[in-house]
Amino acid sequence: MQQPVSRAICHVDLDAFYAQVEVKQHPQLRGKPVGVVQYNPYGDLATHTPAEDRVMNDSNGSLIAVSYEARAAGVKRNMRGDAAREVCPEIQLVPTAHGKADLTLYRSDGRKVLGILARLAKTERASIDECYLDLTEEAQRRMAEHGGVPPLPPLPDQVHVMRQDGFSAAADWWRRRDEEWEPGERLLACAAAAVAELRAAVLAELGFTCSAGIAHTKLMAKLCSGLHKPAQQTVLPASAVPVLLGPLPLARVKGLGGKFGVQVMSELGISTVGELAAVPLPRLEAAFGDKDSQWLAAVAHGITDDAVEERKLPKSVSCSKTFRGNHALGDLQAVHTWMLELGGELAERLEEDREDNNRIPQTLTVSFSTALPWVATYRPGKPVQFSTPEGYHSISRSCPLRRLTADAIADDATALVRRWAGEQAAGWKLGVLELTASSFVAVQSAASAITRFFKPTAAAPPAAPPAEHDACTAEASGDGAAAAPPKQQQQPVQQQQQQQQPVGHPLPQQQQQPVGQQPPQPQKQPVEQPSPQPQQHADRHKQQHGQQQHEQQEQQQKEQQRPHTAAAASCSGHGQEHDDGNCTAAVPANAPAAGDRVLQLHQNAQPAAAEQASGTVDEAVLAELPQELQREIRGEMKMRQLAAHLDGRKQQQHQRYNGGGGSGSGKRSGGSAGLAGGKQQDILTFIKGKRVKR
């Protein structure tokens, strides 16, 4: 198979990163053997913050990171503190913060490193202390800038090139004759120079050293990055890929370290990648099928097409703690104590995630188990191996995440465990606790959340006016039943104007003109238009509405003596045109204080806003606001729904008056315009003002 040579991929691995971070936190440890210990307290629970002096040389916790000075003395990862002191008496042990394997401090510095590396490349974060870089474009730019002659990288003594006959010094490989360069090697050389500059920037700005591997694929870059450590880098040309892969154990290849790898070795009787490359494709197909056999053949030759993908936000954030042997948790008080520890770490990480990514979780999940998730196997002179015990399973319970505080998280998580414990026999023990926050949603500011809460939604077109309205208009115009269709055609235009008008800006009052009449020119103030209909129709219309105007004046006087909400329930005292049940009693300008809030909504809420008031409440947005503000918004929503109900009745009666023409229509239109122009406060301004004061 032919090796791909069109890309330049780099894998960057920070050297003993956790130990480097702790040395930076504790400068007195520089140059000494250091081990980072998973804090394992005996007796009372002590919480240590990253800023504190956390050096505890008497700790017997498990080592999760070892500096190169300690490695040189024989200390290895996963050793206990006592075993590490036997090998290296002068070792300095630093437990992690929060009384457990809290990696928040290391994640923070890891993000800073990634920010520097992203200056020249497309980056993909693989873990806290490693990432992939796609340097193809930067390498092509440098190659064009230097006329196809790759420049020698800075600090060339830290750069190694793997060749078919072994490793070569950077200076010798870079100074070859033109005919000695193979396809793709100039691209890798330019990328290696860029990586050397980035590594130097990380050391200068943050004080951390890192190693790197440069190849044409992610798989090969990962495999060669650890060939020279610390603070060095390795270039792997395509011609040297078989040299690296040949003796490599299959378990070292990603995807072959688990059960599938064991199956491949057992089925084919092989143990190295070189042996896998020698297996004919038909035999692979017979044993593993078309898809798996194609993948195995490609991996055996170092050919993968995995692209470097930009950083993706995790769907969940978790933290956990295991309790070995006698330290297993057997009562709810101990569970709550550790939930406070886990909840504190989770809250810190979620707050950082909120600041960085502008989002918050909505679901809290607690997972626990009565047994450890792994069994350790110790072998003299070899690293400890961990395996999952037979029949292991964990229990999970979830609930809404109320607040991003340690107390709230601990209380809710403990309540979930308490429900489970109530169903168990006495003497239960927990060996694992884990908290997970998930179901992230975007964070909105209080003002934007309120605005989104009241955002107009698509509403169904309003029902057609009752038949009595059309008949009245047709009679006044003298056109009979033929007048109804033109009036119905005007409604979609009005609806479109209502939907386009922003909330909080009243629509101009639209006067309905009798059918057959040209629309009037726009007026700044509403004026009464003389009826163009024959005199006999106008006289009859005036007689028809005269009694109604007198009754409305009496109704307004009654309204001044009682709240406006009571007036909304009254439908009596009107003329014969109100047989359809609609009540359009006018609201006096000097309404009593009990109806002020309804007046504000009634005057400023648009038809589009009135439609949305009866829509579905966006609980996700509402949950982002304080409880007190939520109650106020719900109260305002109820009043807005009442205002929308009143406004709908008022519009139907208003259309009936305008359709009849005459002086009565002009008076009603003018009164409505006057109300719309009143100095009432908009609902959004009102709530935002409340938020600012709070």
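Rules behind the numbers
- Residues numbered from 1 in each chain as written.
- Predicted model: local features only at pLDDT ≥ 70, side-chain atom pairs only at ≥ 80, totals over all residues.
- Heavy atoms only, no water.
- Helix = DSSP H or I, 4+ residues; strand = E, 2+ residues; numbered from the N terminus.
- Contact = heavy atoms within 4.5 Å.
- Areas by Shrake-Rupley, 256 points an atom, 1.4 Å probe, with all protein chains shown as cover.
- Axes fitted to C-alpha atoms, helices over the stretch in contact; angles between N-to-C directions.
- Parallel < 35°, antiparallel > 145°, perpendicular 65-115°, else oblique.
- Left-handed = near helix turned anticlockwise from the far one by under 90°.
- Nonpolar A, V, L, I, M, F, W, Y, C, P; charged D, E, K, R; others polar.
- pLDDT = per-residue confidence, 0-100.
- Pairing = 2+ DSSP bridges.
- Phe/Tyr/Trp six-rings, centres within 6.5 Å; stacked < 30°, edge-to-face > 60°.
- Lys NZ or Arg CZ within 6 Å of the ring centre and 35° of its normal.
- Buried < 20%, exposed > 50% of the residue type's maximum accessible area, 1.4 Å probe, protein only.
- Salt bridge = Lys/Arg side-chain N within 4 Å of Asp/Glu carboxyl O.
- Polar contact = N/O pair within 3.5 Å; in protein donor to acceptor, adjacent residues only side chain to side chain.
- Core = buried A, V, L, I, M, F, W, Y, C linked by side-chain atoms within 4.5 Å.

A. Focus on the overall build of the chain. In terms of helices and strands, the chain carries 25 helices and 16 strands. Restricting the contact set of the chain to residue pairs at least 6 apart, pairs at least 24 apart contribute 73%. For the chain, the exposed area adds up to about 34700 Å²; of that, 51% sits on carbon and sulfur atoms.

B. Inspection of the packing of helix α4 (residues 104-117) against helix α13 (residues 332-357) at higher detail. For the pair α4 and α13, interaxial distance at closest approach is 11 Å and the crossing angle is 20 degrees. As the angle between them shows, α4 and α13 are arranged roughly parallel. Between α4 and α13 lies a crossing of right-handed hand. Where α4 approaches α13, its residues Thr104, Arg107 and Arg111 are matched on the opposing element by Glu345, Arg349, Glu352 and Asp356. When its residues are assigned to classes, the contact of α4 with α13 shows no nonpolar, one polar and six charged.

C. Representation of the confidence of the model for the chain. Per-residue pLDDT for the chain has a mean of 74; in total, 61% of the residues score no lower than 70. Counted against residues more than four places away or in other chains, residues 41-45, with its pLDDT under 50, gives nine contacts. Note that pLDDT drops below 50 for residues 540-545; the model gives that stretch seven contacts with residues more than four away or on any other chain.

D. How the structure looks around the sheet that holds strand β16 (residues 432-442). Strand order in the open sheet formed by four strands is β11-β16-β12-β15, with antiparallel pairing between adjacent strands. On the outer flanks of this sheet lie β11 (316-322) and β15 (395-400), each paired with one strand and no other. Within this sheet the neighbouring strands show an average axis-to-axis angle of 20 degrees, counted without direction. One ladder, built from six bridges, connects strand β12 (residues 359-369) with β15; its direction is antiparallel.

E. Molecular detail of the packing of aromatic side chains. Summed over the entire model, instances satisfying the criterion amount to nine aromatic pairs. On the numbers, 5.3 Å between centres and 80 degrees between planes, the contact of tryptophan 173 with tryptophan 174 is edge-to-face. Pairwise contacts between aromatic rings join Trp173, Trp174 and Trp181 into one cluster. The cationic tip of lysine 218 hangs over the ring face of tyrosine 132; the distance from NZ or CZ to the ring centre is 4.8 Å. Its guanidinium or amino end placed over the ring of phenylalanine 440, arginine 359 lies 3.7 Å from that ring's centre, counting from NZ or CZ.

F. Broad picture of the pairing of strand β4 (residues 92-95). Residues Gln92 and Val94 of β4 are buried on one face, and the alternating residues Leu93 and Pro95, pointing to the opposite face, are buried as well. As paired elements, strand β2 (residues 34-37) and β4 share four bridges and run parallel to each other. Bridging across to β4, valine 34 finds its partner in glutamine 92.

G. Just the pattern of salt bridges, in detail. Evaluated as defined, the whole model comprises 20 salt bridges. For arginine 85, the salt bridge identified is with aspartate 82, shortest N-O distance 2.4 Å. Taken as a pair, arginine 85 and aspartate 82 lie in helix α3 (residues 81-87) at a separation of three residues, close to a single helical turn. Owing to a relative accessible area of 21%, arginine 85 belongs among the partly exposed residues under this scheme. Taken together, the shared-partner salt bridges connect Glu138, Arg141, Arg142, Glu145 and Glu197 into one network.

H. A look at the environment of glutamine 164. Note on placement: glutamine 164 falls in the loop between β7 (159-163) and β8 (166-169). In this structure the C-alpha to C-alpha distance between glutamine 164 and proline 237, which are 73 residues apart in sequence, comes to 9.4 Å. With residues up to four places along the chain from it excluded, the contact list for glutamine 164 reads Ser239, Ala240 and Val243. At 3.3 Å, the side chain of glutamine 164 forms a polar contact with the backbone oxygen of serine 239.

I. Structural view of the side chain of glutamate 130. With respect to the helices and strands, glutamate 130 occurs in strand β6 (residues 130-134). Classification of glutamate 130 by relative accessible area gives buried; the value is 17%. There is a polar contact of 2.7 Å between the side chain of glutamate 130 and the side chain of histidine 11. Of note is the side chain of glutamate 130, whose polar atom sits 2.8 Å from the side chain of lysine 222. Other than its neighbours up to four places away in sequence, glutamate 130 contacts His11, Val12, Asp13, Arg125 and Lys222.

J. Structural view of the sheet that holds strand β3 (residues 63-66). Read from one edge of the open sheet, three strands run β3-β2-β4, paired in mixed fashion. In the strand order of this sheet, the two ends are held by β3 and β4, each with one partner. Strand-to-strand twist of the sheet, defined as the mean angle between neighbouring strand axes without regard to direction, takes the value 25 degrees.

K. Region of the structure containing the nonpolar core. Of all hydrophobic cores here, the largest spans 48 residues; its most connected members are Tyr18, Tyr106 and Leu133. For this core, the element with the most residues is helix α7 (residues 185-206), which contributes twelve residues. In this structure, Leu250, Leu256, Val273 and Leu284 belong to the second largest nonpolar core, which totals 31 residues.

L. Looking closely at the side chain of threonine 217. Tracing the backbone shows threonine 217 in the loop between β9 (210-215) and α8 (218-225). Those residues in contact with threonine 217 that lie beyond four places of it in its chain are Pro4, Arg7, Ile9, Gly302 and Thr304.

M. Expanded view of unusual backbone geometry. A cis amide bond links lysine 229 to the next residue, proline 230, at an omega of -5 degrees. Relative to the helices and strands, proline 230 is located in the loop between α8 and β10 (233-235). For asparagine 78, which is not a glycine, the phi torsion comes out positive at approximately 75 degrees. Note that asparagine 78 resides in the loop between α2 (68-72) and α3. Unlike most non-glycine residues, alanine 231 shows phi in positive territory, near 55 degrees. Residue placement: alanine 231 occurs in the loop between α8 and β10. Given the relative accessible area of 21%, alanine 231 is considered partly exposed.

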